[in-house]
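# Inside the fold
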Amino acid sequence: MSLFLKKSISELLADSSESEKSLKRTLSAGSLVALGIGAIIGAGLFVRTAAAAAQNAGPSVTIGFILAAFGCALAGLCYAELSSSIPISGSAYTYTYATMGEFMAWIIGWDLILEYAVGAATVGIAWSEYLNNFLVEIIGTGPIPYEWCHSPFQTSPDGVSGILNIPALFIVSILSLLLIRGTQESAFVNNIIVIVKVAIVVMIIILGWGYINPSYHTPYIPEATTYTDHQGITYNFGGIMGILGAAGTVFFAFIGFDAVSTAAQETKNPKTAMPIGILGSLAVCTVLYILFAHVLTGLAPLEFFRDPTKGGEASVVAAIKEGMPATYSWLSKSVTVAILAGFSSVILVMLLGQSRVFYTMSKDGLIPPVFSKLHPKFKTPYKGNLVILVLVGVFAAFVPGDVVGHMTSIGTLFAFMLVCAAVIILRKTNPELPREFKTPWVPFIPILGILACGAMIFGLGWENWLRLFVWLAIGFVIYFAYSRKHSVLGKKENKG
Ligand code: ALA
C-alpha cells in the first residue's frame, strides 16, 4: 500500500455533506472573525512579547512582530484558498491529505498537536502567572507557592524548585468540560471576551503611549551578543539573529487565525466566510500587536523583564505598575481580569481545534474511533475531548512555559510551510477545482511564505529543531505501528 494515497477532492466534499448530519452548522463570517481574534490575542501578546524582548531582541521585538505577521499573512492567503476550496474540518491536515497523500497528512496531523494541544498548555501556563497576580492584587491573598505553580524543570532565583503547575492544570480541565457541552454556547461567551480583550489592548496602547521612556528604546536594535538567564539558558540577543529569534517567539501571538479553518464544518456558507474569518482576524491583530509591543518595551527597562521577581512573569501588569503612575492601578486590575478571561477563550479555541483535527483523523482511521464518537445530546466528540484533556494537562502541569511556547511555534511554522506547498501542488493537480478565494501570485506568495516561516524556524535555534525532530520521530513510529494498518483509505485501496 502506498504512503502517498490521496483522498480525492470530490470524496472529501461528499464526506463533508454527509457530516452535516452530525456536526451542527451555526457559525457565520462575523463569528469566525471573533473566533479568530478570540484565538489570536492571548499569551503570545501578554507573556511571550516580554520574553522575546528580554531574551532576544529588546525593543526591536516590534520588528520581530512585523516579520512574523508577514509570514502569517503569506500563509494566511494560502490557508484562505485551501479553506475556500476544501471547506472541511481538519485544517492543514485535510488539505495535505488531498494534495500530498496520507503519510504527509499524518505528519501534519501529528504536528498540529504541537499547535493546538501544546499551544493550549502554553496559554494555560501563562494563565497561571496572571492568576497569581489576581490573587495578590485583587483578592488580597498571598501568591500560590512557587512549587505549586511551576514545572519541575523550573527554579526560582532563590533556589526553590517547581513541582506541578496546578492552576494551569485547573484551567485546561474546566475548559475541556465546557467544550464538551458544545460549540454554540462557547462561541457566545467567546464573543463577549473578544470585545473585552480588544478593548484592553487598545486602552494600554492609548494610555501607556504617554509614559514611554525613550531611553528604553535606545538602541532600538541592540548589538548582536548572547544573553544567559538565571537558569543558565543562553539566547542569541540583538542583531539579525535576535530579531529572527524574537519573530519565532512572538509568532505564537498570531497562532489561531488558522484554527478558524478547523471549524469549516460548523460554518454557514464556508466558502466566503472562511477567507474573511482568516484574513480579517489576522489584519486586526497585526496592527494592535506592533503598537502594543512598542508601548510595553517603553514602560520598563530590559533588566526588569529579565527578572522573574519583577517583570519576568505577568509582564504586562508588572510593566504598567512600573512605568505608569499609581492612579492607573484600575488599569492593571482590569487587565488582570481581562487576561484571565481572554486566555480562557484562547485555550477554548485551541482545544476545539485539536478535537476537530482528531475527529477528522479518527474518521480516516489514522487514530482510534474513540476520537470521532459524538455525544448523543451535545453532538461533540466528548471522549476525544477527555483524552485531549489528559494530554494537554500533562504538558501544562509539568513543562515550562518557554519550552511549550517554542514547541508550539516551531510545530505551527512547519505546518504553515506545508500549507503553502499544498497550494502550489493543488493548482497543478486540480486546476479545475472551484476556488472562491485564490491566493494571488502563485507560486511566488507560497514560496515566500515557506521562506519566511523557514527563517523563523531557523531563529528558534537547534534545541527547538531537535524537539520538533523527536516529536516527528514519535509520530512516525505510531504511523507505522497503528495508522497505516487502520487507514480507511488504505483498506479501500486493498479491497479494490
Ligand atoms: N495566539 C494565541 C496566543 O497568543 C495562541 O495566546
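Residues numbered from 1 in each chain as written. Predicted model: local features only at pLDDT ≥ 70, side-chain atom pairs only at ≥ 80, totals over all residues. Heavy atoms only, no water.

### A closer look at the packing of helix α6 (residues 102-139) against helix α15 (residues 401-429)
Using the following cut-off: Orientation is described by lines fitted to C-alpha atoms, with helices fitted over the stretch in contact, and by angles between N-to-C directions that extend from 0 to 180 degrees. For helices the rule is a DSSP run of H or I covering at least 4 residues; for strands it is a run of E covering at least 2, with both sets numbered from the N terminus onward. Handedness of each helix crossing follows the sense of rotation of the near helix against the far helix: counterclockwise by less than a right angle gives left-handed, clockwise gives right-handed. By definition, residues are in contact when any of their heavy atoms lie within 4.5 Å. Three classes are used, and their members are as follows: Ala, Val, Leu, Ile, Met, Phe, Trp, Tyr, Cys and Pro are nonpolar, Asp, Glu, Lys and Arg are charged, and the others, Gly among them, are polar.
Between α6 and α15, the shortest axis-to-axis distance is 8 Å and the interhelical angle comes to 145 degrees. The hand of the α6/α15 crossing is left-handed. On the side of α6, the interface is formed by Met104, Ile107, Ile108, Asp111, Leu112, Leu114, Glu115, Val118, Gly119, Thr122 and Ile125, while α15 contributes Gly401, Val404, Gly405, Met407, Thr408, Gly411, Thr412, Phe414, Ala415 and Leu418. When the residues that make up the contact of α6 with α15 are grouped by side-chain class, the tally is twelve nonpolar, seven polar and two charged.

### A short note on the site of the ligand
Here is the rule: Throughout this document, a residue counts as near a molecule or strand when at least one of its heavy atoms sits within 4 Å of that molecule or strand. We define a polar contact as two N or O atoms separated by no more than 3.5 Å, with the added condition that, inside protein, one atom must be a possible hydrogen donor and the other a possible acceptor, whereas residues neighbouring each other in sequence contribute only through side-chain atom pairs. Only the protein chains shown count as cover for residues, and all accessible areas are computed by the Shrake-Rupley method using a 1.4 Å probe.
In the region of the ligand, the neighbouring residues are Ala39, Ile40, Gly42, Ala43, Gly44, Val123, Phe252, Ala253, Ile255, Val346 and Met350. Between the ligand and the protein, one listed contact pairs an oxygen atom with a backbone N or O atom of glycine 44 at 2.7 Å. Alone, the ligand offers 220 Å² of accessible surface; in the complex the protein occludes 100% of this. Elements with a minimum of two residues in the shell around the ligand: α2 (29-40), α3 (43-57) and α13 (329-363). When its residues are assigned to classes, the shell around the ligand shows nine nonpolar, two polar and no charged.

### Points about the side chain of asparagine 165
Looking at the secondary structure, you find asparagine 165 in the loop between α6 and α7 (166-180). At a separation of 3.3 Å, a polar atom in the side chain of asparagine 165 contacts the main-chain carbonyl oxygen of cysteine 149.

### Details of unusual backbone geometry
To keep things clear, this is the line we draw: Type-normalised accessible area, obtained with a 1.4 Å probe on protein chains alone, sets the label of each residue: buried when under 20%, exposed when over 50%, and partly exposed for intermediate values.
The peptide bond linking threonine 218 to proline 219 adopts the cis configuration, its omega dihedral lying at -10 degrees. Tracing the sequence through the fold places proline 219 in the loop between α8 (183-209) and β1 (225-228). With an omega of 10 degrees, the peptide bond running from valine 442 to proline 443 counts as cis. Inspection of the secondary structure puts proline 443 in the loop between α15 and α16 (444-459). Unusually for a residue other than glycine, alanine 314 sits at a positive phi of about 45 degrees. Tracing the sequence through the fold places alanine 314 in the loop between α11 (302-306) and α12 (315-323). Note on alanine 314: relative accessible area 4%, which makes it buried. We note that tryptophan 441 has phi near 50 degrees; this positive angle belongs to a residue other than glycine. On the secondary structure map, tryptophan 441 appears in the loop between α15 and α16.

### Describing the packing of helix α4 (residues 61-85) against α16
Describing two packed helices takes the angle between their axes plus the distance from one axis to the other. Our working definition: In what follows, roughly perpendicular refers to angles from 65 to 115 degrees, roughly parallel to angles under 35, roughly antiparallel to angles over 145, and oblique to any angle outside these ranges.
Contact pair α4 / α16: the axes reach a minimum separation of 8 Å and the direction vectors enclose 140 degrees. Our classification of the angle between α4 and α16 gives oblique. Crossing angle aside, the handedness with which α4 passes α16 is left-handed. Touching Leu67, Ala68, Phe70, Gly71, Leu74, Leu77 and Cys78 of α4 are Ile445, Pro446, Leu448, Gly449, Ala452, Cys453 and Met456, all from α16.

### Focus on the packing of aromatic side chains
How we decide: Only the six-membered ring of Trp is used, alongside the rings of Phe and Tyr, when aromatic pairs are assigned; centres must lie within 6.5 Å, and planes under 30 degrees apart are stacked while those over 60 apart are edge-to-face, with the rest tilted. Each ring is checked for a lysine NZ or an arginine CZ that lies within 6 Å of its centre and within 35 degrees of its normal; such an atom marks a charge sitting over the ring.
Tallied over the entire structure, the rule returns 24 aromatic pairs. Aromatic side chains tryptophan 106 and tyrosine 479 sit 6.0 Å apart centroid to centroid with 40 degrees between the ring planes, which places their arrangement in the tilted category. In this pair, tryptophan 106 sits in helix α6 while tyrosine 479 sits in helix α17 (residues 462-486), placing the two residues 373 residues apart along the sequence. Residue class for tyrosine 479 comes out buried when judged on its relative accessible area of 0%. Ring geometry for tryptophan 110 against tryptophan 471: centres 4.7 Å apart, planes inclined by 15 degrees, an arrangement best described as stacked. Residue tryptophan 110 is located in helix α6, and its partner tryptophan 471 is located in helix α17; the two are separated by 361 residues in the primary sequence. Note on tryptophan 110: relative accessible area 11%, which makes it buried. Residue classification places tryptophan 471 among the buried positions, given a relative accessible area of 11%. Among the aromatic residues, those joined into a ring-pair cluster are Phe103, Trp106, Trp110, Phe395, Trp471, Phe476, Tyr479 and Phe480. Geometry around tyrosine 227 places arginine 306 over its ring, the cationic atom sitting 3.9 Å from the centre.

### Some points on α16
The condition is simple: Each residue after the first adds 1.5 Å to the expected span of a helix.
Relative to the 22 Å expected for 16 residues at 1.5 Å per residue, α16 spans 23 Å between its end C-alpha atoms, a close match to the ideal helical length. Close packing links the buried residues of α16 with α4, α9 (239-250), α15 and α17. Two residues or fewer after α16 comes glycine 461, characterised by a positive phi angle close to 85 degrees.

### Some points on empty space enclosed by the protein
Convention followed: Lining residues are those with an atom within 4 Å of a point, where the points come from a 1 Å grid over the protein atoms alone and group into cavities, where a 1.4 Å probe fits but cannot get out, or pockets, open sets with protein on both sides within 12 Å along at least five of seven lines. Grid points are joined across faces, edges and corners, and a volume is the space filled by probe spheres set on the points.
Under the definition given, this model contains two cavities of 30 Å³ or more. Considering only enclosed or pocket space, the second largest cavity measures out at about 40 Å³ in volume. Of all the secondary structure elements, the ones that give two or more residues to the lining of the second largest cavity are α2, α3 and α13. Of the residues belonging to the lining of the second largest cavity, the class tally is seven nonpolar, two polar and no charged.

### Some thoughts on the environment of lysine 271
Assignment of secondary structure puts lysine 271 in helix α10 (residues 270-299). Separated by 166 residues in the primary sequence, lysine 271 and phenylalanine 437 place their C-alpha atoms 7.9 Å from one another.

### Looking at the pattern of salt bridges
Convention followed: Definition used for salt bridges: Asp or Glu carboxyl oxygen within 4 Å of a side-chain nitrogen of Lys or Arg.
Taken as a whole and assessed by the stated rule, the structure comprises three salt bridges. Glutamate 81 serves as the salt-bridge partner of arginine 427, at 2.7 Å between the closest nitrogen and oxygen. Of this pair, arginine 427 sits in helix α15 while glutamate 81 sits in helix α4, placing them 346 residues apart in sequence. Given the relative accessible area of 23%, arginine 427 is considered partly exposed. Of the residues examined, glutamate 81 reaches a relative accessible area of 0% and is grouped as buried. Here glutamate 137 and lysine 321 are joined by a salt bridge, their closest N and O atoms 2.8 Å apart.

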